[in-house]
Structure formats: C-alpha cells, structure tokens
Amino acid sequence: MSEFSEFEQQGSVPERNTGSIISHAFEMYKGVFLYAIIAMIVYLLLGFVIQTITGFNSASMMEEMRESGNYDFNYWNAPGFPLYLTLSGLLGLLLAPLYVGLIYMINKYNTKNPIEFSDLFIGYRQNFVNILIYALLSGIISTVALSLCVIPIVFVYPFLMLGYPILLFENASATDAIGKSFSIVKENYGTFLGITILGFLISMAGVVLCFIGVILTAPFIMAVMYSAYCAYLGKPRQIMLNK
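To start, this report covers the structure provided alongside it. In this text, all values refer to a predicted model and were calculated from it rather than measured experimentally. (Residues numbered from 1 in each chain as written. Predicted model: local features only at pLDDT ≥ 70, side-chain atom pairs only at ≥ 80, totals over all residues. Heavy atoms only, no water.)

**A closer look at the overall build of the protein chain**
Working step 1: Each helix and strand in the protein chain was counted, giving twelve helices and two strands.
Working step 2: If you list the helices and strands of the protein chain from N to C, you get β-α-α-α-α-α-α-α-α-α-α-α-α-β.
Working step 3: The proportion of buried residues among the 243 residues of the protein chain is 43%.
Working step 4: Considering only contacts within the protein chain whose residues lie at least 6 apart along the sequence, 74% involve residues at least 24 apart.
Working step 5: Carbon together with sulfur atoms contributes 67% to the accessible area of the protein chain, which is approximately 12400 Å² in total. (Helix = DSSP H or I, 4+ residues; strand = E, 2+ residues; numbered from the N terminus. Buried < 20%, exposed > 50% of the residue type's maximum accessible area, 1.4 Å probe, protein only. Contact = heavy atoms within 4.5 Å. Areas by Shrake-Rupley, 256 points an atom, 1.4 Å probe, with all protein chains shown as cover.)

**Regarding unusual backbone geometry**
Working step 1: A positive phi angle is found at lysine 112, which is not glycine, with a value near 65°.
Working step 2: Looking at where lysine 112 falls in the secondary structure, it is placed in the loop between helix H4 (81-110) and helix H5 (128-147).
Working step 3: Given the relative accessible area of 53%, lysine 112 is considered exposed.
Working step 4: Backbone geometry places asparagine 127, a non-glycine residue, at a positive phi of 60°.
Working step 5: Residue placement: asparagine 127 occurs in the loop between H4 and H5.

**So, the pattern of salt bridges**
Working step 1: Following the criterion strictly, the structure yields three salt bridges and no others.
Working step 2: For aspartate 119, the salt bridge identified is with lysine 108, shortest N-O distance 3.0 Å. One end of the pair, aspartate 119, is in the loop between H4 and H5; the other, lysine 108, is in helix H4, with eleven residues separating them in the sequence. Neither residue differs from the other here; aspartate 119 and lysine 108 are each classed as buried.
Working step 3: In this structure, lysine 180 and glutamate 170 form a salt bridge, with 2.8 Å as the shortest nitrogen-oxygen distance. Taken together, the residues lysine 180 in helix H8 (residues 174-187) and glutamate 170 in the loop between helix H7 (163-169) and H8 connect sequence positions ten residues apart.
Working step 4: Looking at lysine 180, the relative accessible area reads 30%, which means it is partly exposed. (Salt bridge = Lys/Arg side-chain N within 4 Å of Asp/Glu carboxyl O.)

**Quick word on the packing of aromatic side chains**
Working step 1: Summed over the entire model, instances satisfying the criterion amount to 13 aromatic pairs.
Working step 2: Between phenylalanine 26 and phenylalanine 220, the aromatic rings sit 4.8 Å apart at their centres with planes inclined by 40°, giving tilted as the arrangement. Taken together, the residues span a long stretch of sequence, with phenylalanine 26 in helix H1 (residues 18-31) and phenylalanine 220 in helix H12 (residues 220-233) at a distance of 194 residues.
Working step 3: Of the residues examined, phenylalanine 26 reaches a relative accessible area of 40% and is grouped as partly exposed. (Phe/Tyr/Trp six-rings, centres within 6.5 Å; stacked < 30°, edge-to-face > 60°.)

**A few points about a nonpolar patch on the surface**
Working step 1: Residues Ile38, Val42, Leu46, Phe117, Phe121 and Tyr124 make up a contiguous nonpolar surface patch of roughly 460 Å² in combined accessible area.
Working step 2: Within the secondary structure layout, phenylalanine 117 lies in the loop between H4 and H5. (Patch = residues over 30% accessible without salt bridge, like charges linked within 9 Å, V, L, I, M, F, W, Y side chains within 5 Å.)

**Quick look at the environment of asparagine 110**
Working step 1: Here asparagine 110 lies in helix H4.
Working step 2: The class of asparagine 110 is buried, set by a relative accessible area of 1%.
Working step 3: The spatial distance from the C-alpha of asparagine 110 to the C-alpha of methionine 28 is 6.6 Å, given a sequence separation of 82 residues.
Working step 4: Apart from the residues lying within four places of it in its own chain, the contact partners of asparagine 110 are Gln10, Gly11, Ser12, His24, Met28, Tyr226, Cys230 and Lys235.

Okay, here's the thing in structure tokens:
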C-alpha cells in the first residue's frame, strides 16, 4: 500500500505544445535510461522464452517470407503461433506494471528524489489490479483499431496517452483513467496526436537503426506519457510508499 503527500517539489513542467512536451520527455528519459534498458531486456528475454516454449520463431518466419516474396502469409497456420499469441498477450499484461514503474522513476528524477531499483516494480504494489485491467482494455481498443487497418491506431492511441500516469499518480480505477484521458485528449487532440506520432517514431527508431537498438529507444514513449501528464495535469504529487 502507499500514501500520497503533497508538498512543494522541484522539477520542470513543459508547455502545452508538441515540441515542448517531446523536448521535456527527452530530458526525463536521459535520467532513467539505464532502467528503461533493464525493463526492455526483461521483456525481450521473456519473449524469447515464450518463443522457445511455443516453438514459434518470428525471425525465421519473416526471413522466409522475405526470401520467397510471399507476404500473404497465414500466421495462424504457423507452428505454435496461436499459443505464442496467447502467451505474448498475457506477458504484455503482466509487464504493464513495469512500464508504470518506469513512469514513477521519471517523476522521481524530475523532482530530484533519489531513484532506487525497487521503484521499477511499484506497479506491482500500487494499484496493480487496475493497471492490469487498463492494460487489457487498452490492448483490446488498440487491437480493434489495428484490425480496421493499421492507420486507425494512429488516431485512436492518443486517447490512451494519459492512462498509465493517471493510474499511478491518482490511484484511479481503470475505467476512470480511460475516461479522464479521453476527456482531456479530445479537447487538445492536435497536440496529443503530434506527441503520439513523434513519440512512437522515436521509440521505434531503434528498429530502423538496428533491431537491437529497440532496447534503447522503445521505452521513450513512457517519458512522453509522463511529460504530457505534467503539461496538462501538473507535476504529479509525490508517492510515499510504506515499507
């Protein structure tokens, strides 16, 4: 469990525009860079374990498709794919609190509070059930948007950008986090669309440069979420954990 206490904090808040929020996110990300890498390594290692268990090899399948030139591939017929998809979805849910922990670390860095490695796991102690429910609901929303063709996800995801920070800093329920995020974004949609597109382009830059580079850049979107929260809802109140 945790307690919340509000007091004057150090730390910066970006202006409510795309450039300022992305710039602020860069500054914040530099402070938790190594922890972000740890979170990504955990994700990739567990993903590798799942591929080993299911027998599904996404890398070899993509290579085979590239060499044959057949991109009308039926994934469901690939050995182990249905089980892989199920376990990967479960992994995504169980690791959602880890991403929340990264946002918590970013806030501590911004407010000049000492960061501890255990901070990465605050999402497993603080509002855990609602984080899982939110991850499930946002995953369903994203999947539906993707199924309509890839482009709709670009216009839908901005409405989810404030969800994780609201869950963490306001101890909200999953539905309240979605509702509040939607309410704020719809009034400032242009800015949130811009930070979502830029945030994900930067996060995926590692794939373009070198696949292993995704470890370095993918968590950047969490910093964007935090900076957007600061811009529109102010510096988060400090979370004081009972140990």
